[in-house]
Amino acid sequence: MQNRCVFCRIVQGIEPARILYRDEEVIAFRDINPQAPFHALVIPTQHIASLNDIEVAQDRVLGKLFLVAKQIAHGAGYTESGYRVAMNCGRDAGQTVFHIHLHVLAGRFLTWPPG
Ligand code: AMP
Ligand code: ZN
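This is a predicted model, so every value here is computed, not measured.

Conventions we followed
Residues numbered from 1 in each chain as written. Chains lettered and ligands numbered in written order. Predicted model: local features only at pLDDT ≥ 70, side-chain atom pairs only at ≥ 80, totals over all residues. Heavy atoms only, no water. Buried < 20%, exposed > 50% of the residue type's maximum accessible area, 1.4 Å probe, protein only. Helix = DSSP H or I, 4+ residues; strand = E, 2+ residues; numbered from the N terminus. Pairing = 2+ DSSP bridges. Contact = heavy atoms within 4.5 Å. Near = heavy atom within 4 Å. Polar contact = N/O pair within 3.5 Å; in protein donor to acceptor, adjacent residues only side chain to side chain. Areas by Shrake-Rupley, 256 points an atom, 1.4 Å probe, with all protein chains shown as cover. 1 Å grid on protein atoms, 1.4 Å probe; cavity = no way out; pocket = protein on both sides within 12 Å on 5 of 7 lines; lining within 4 Å. Sits in = over half its atoms within 2 Å of the grid points.

Engineer: So what exactly am I meant to see when it comes to the pairing of strand β3 (residues 38–44) here?
Structural biologist: Along β3, 7 of the 7 residues are buried, which leaves the element largely enclosed by surrounding structure. In β3, alternate side chains face the same way, and those of Phe38, Ala40, Val42 and Pro44 on one face and His39, Leu41 and Ile43 on the other are all buried. Note that strand β2 (residues 26–30) and β3 share 5 bridges and pair antiparallel. Across the sheet, residue Ala28 finds its bridge partner in β3, namely Val42. Where β3 and strand β5 (residues 102–106) come together, 5 bridges link them in antiparallel fashion. Directly across from His39, in β5, lies its bridge partner Leu105.

Right under this line is the structure:
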């Protein structure tokens, strides 16, 4: 846990968030600046800065991020219409919060390629 990390503070409950899912290893919450009608973030409770920092020992929790992404998309009703799961890594990808997270976007047609 890092007190300077906004997502670690959400994990600890000291930063407000609209939580959609929580267990010991993973939480999901609404993005504060949504880019689609549904925009959530799925994060490990453990601080991992970015995709550049993942390790083999974390493979189970990293896989679980996708299971939770599927679950919250299903819960919000987007299984059939579709949704996008995306992860930014580093400066050129526009990563702004250095606590690894999956974006889950849905509720509008999402163009490809992204900007
Ligand atoms: P990225 O650019 O991939 O690092 O995405 C970071 C995301 O975190 C952005 O979409 C932000 O809107 C979102 N974000 C930043 N701070 C918060 C917060 N306190 N609660 C919810 N979402 C946040
Ligand atoms: Zn963190």
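Engineer: How should I be thinking about the environment of His99 in this particular structure?
Structural biologist: Within the fold, His99 resides in the loop between β4 (84–86) and β5. Residue classification places His99 among the buried residues on the basis of a relative accessible area of 0%. Put simply, His99 and Pro44 are 55 residues apart on the chain and 8.4 Å apart in space, counted from C-alpha to C-alpha. Contacts of His99, omitting those with residues within four sequence positions, involve Cys5, Phe7, Cys8, Ile43, Pro44, Thr45, Gln46, His47, Ile48 and Ala49.

Engineer: Would you mind going over the site of ligand 1 with me for this structure?
Structural biologist: Inspection of the region around ligand 1 gives 16 residues, with Asp31, Asn88, Gly94, Thr96 and His103 positioned closest. Between Ile32 and ligand 1, the recorded distance is 3.1 Å, taken from a backbone N or O atom to a nitrogen atom. Within the contact set of ligand 1, an oxygen atom lies 3.0 Å away from a backbone nitrogen or oxygen of Val97. About the coverage of ligand 1: the protein hides 86% of its 500 Å² of free accessible area. Judged by the fraction of its atoms near the pocket grid, ligand 1 is located in the largest pocket. Contributing elements (two or more residues each) for the shell around ligand 1: α1 (6–12) and β2.

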